[in-house]
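Observations on chain architecture
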Amino acid sequence: MAILSIMAPSLRRSPRLPSRRSLPRSFPCLAAPLCTAVAAVLTVLVLAGWDPLLDLDAHVTAELHRTAVAEPGWTRLNRVLTDWVWDPWTMRAVLLVTVVWLALRGARRPALWLSAAVLTGTVLQQALKALFDRDRPRWSDPVDSAGFAALPSGHAMTAALTCGLLLWLAHLRRAGRPVRLAVAWVGAVSVAGVGFTRVYLGVHWPTDVVVGWLLGFAVAAAAAALWSGRGARPSRPERRGPGGPESG
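Only a predicted model underlies this, so the values are computations on that prediction, with no experimental measurement involved. Per-chain numbering applies: the sequence of each chain, read as written, is numbered from 1 onward. Side-chain atom pairs in this predicted model are given and counted only at pLDDT of 80 or more, local residue features only at pLDDT of at least 70, and totals for whole chains, interfaces and linings cover all residues. As a convention, hydrogens and water are excluded, and side-chain values are obtained from all of the structure's heavy atoms.

What counts as a ring pair is set by centres within 6.5 Å for rings of Phe, Tyr and Trp (its six-membered ring), and what kind of pair is set by the plane angle: stacked under 30 degrees, edge-to-face over 60, tilted for all other angles. Summed over the entire model, instances satisfying the criterion amount to four aromatic pairs. Between Trp168 and Trp227, the aromatic rings sit 6.0 Å apart at their centres with planes inclined by 75°, giving edge-to-face as the arrangement. Here the residue Trp168 occupies a position in helix 7 (residues 154–172), and Trp227 occupies one in helix 9 (residues 206–232), the gap between them amounting to 59 residues. In this structure, Trp168 and Trp227 share a single accessibility class: buried. Residues Phe196 and Tyr200 carry aromatic rings whose centres are separated by 5.4 Å and whose planes lie at 25° to one another, so their mutual orientation is stacked. With Phe196 and Tyr200 both in helix 8 (residues 177–200), this residue pair falls four residues apart, about one helical turn. Exposed residues in this analysis have more than 50% of their type's maximum accessible area, buried residues have under 20%, and partly exposed residues fall in between, with area computed by a 1.4 Å probe over protein chains only. Residue classification places Phe196 among the partly exposed positions, given a relative accessible area of 35%. Relative accessible area serves as the criterion here: at 1%, Tyr200 is assigned to the buried category. Grouped by ring-pair contacts, the aromatic residues Trp74, Phe196 and Tyr200 constitute a single cluster. A run of DSSP states H or I qualifies as a helix once it reaches four residues; a run of E qualifies as a strand once it reaches two. Both are numbered from the N-terminal end.

With that out of the way, let us pick up the confidence of the model for the chain. Detailed reading of predicted coordinates is not advised where the pLDDT is low. Of the residues in the chain, 82% reach a pLDDT of 70 or more, and the chain-wide mean stands at 86. A score between 0 and 100, pLDDT records how confident the predictor is in each residue. The secondary structure element of the chain with the lowest average pLDDT is strand 2 (residues 244–245), at 40, and the one with the highest is helix 3 (residues 51–70), at 97. Throughout, a residue-residue contact means that at least one pair of heavy atoms, one from each residue, lies within 4.5 Å. In the predicted structure, residues 1–22 sits below a pLDDT of 50 and forms 41 contacts with residues beyond four places in sequence or in another chain. Under a pLDDT of 50 for its full length, residues 232–248 has, in the predicted model, eight contacts with residues more than four places off or in other chains.

In this model, Leu151 is joined to Pro152 through a cis peptide bond whose omega is -5°. One non-glycine residue with positive phi stands out, namely Phe148, at about 65°. Here Phe148 shows up in the loop between helix 6 (108–132) and helix 7. At Arg174, a residue that is not glycine, the phi angle is positive and equals roughly 55°. If you trace the backbone, Arg174 turns up in the loop between helix 7 and helix 8. When its relative accessible area of 44% is taken as the criterion, Arg174 is described as partly exposed.

Once that is clear, we can look at a nonpolar patch on the surface. Patch definition: residues above 30% relative accessible area lacking any salt bridge, with like charges linked at up to 9 Å and the nonpolar side chains Val, Leu, Ile, Met, Phe, Trp and Tyr linked at up to 5 Å. What sets the accessible areas is the Shrake-Rupley method with a 1.4 Å probe; for residues, cover comes only from the shown protein chains. A pairing counts as a salt bridge when a side-chain nitrogen of Lys or Arg comes within 4 Å of a carboxyl oxygen of Asp or Glu. The grouping of Trp74, Leu77 and Phe196 at the surface amounts to a nonpolar patch, some 280 Å² of accessible area in total. With respect to the secondary-structure elements, Trp74 resides in helix 4 (residues 72–85).

If you want it as structure tokens, here you go:
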């Protein structure tokens, strides 16, 4: 909500939605396949049981879990952040408000585009969790709990997708530099923060979080790239007959 209030003044000055030049077209076109490829490599290594990666997962998670057990106050704060501030439903609510706000301003196409990207990300996340079915960390003294499979992290993927889409929207609407920087900084803190909380609370392995980040950014970048390509298609030239525009 705070991001929307910051963006509002700049957005009022841009009633039309530019389809080009708002975001360098090459960036999302490269980011989407690159993030997907890295996520795929990490996933294959995890599922194949590559020991160096799994050992790193176990070491980092165990060290953070020991701290979580020893620092109950800090652990409570992390639970509030992960369960309320950066919860996937909170992130989806922010995007829903953004979609409604766009629709009320008459920007129905980007509102539908945003909705499609969110739905795609949610379906992909749940499908991959069911497909990979990776076990979560198990503890004799847990400080938090979570259900369903671990890979990819739903919190991390939803946060990355949400913040990526909001940053794309800020560029699309040609918001001022201070607005774009604010969106970028708030997004970076949110994405990094939620990833930390999931590992710190012992409900995810680090690779779950990294793969979630990569896939969330990949879906956001794909949405931006497809929108850019859609706007870059040349319009069909008007056919003219001997006496002017063809009416038939």
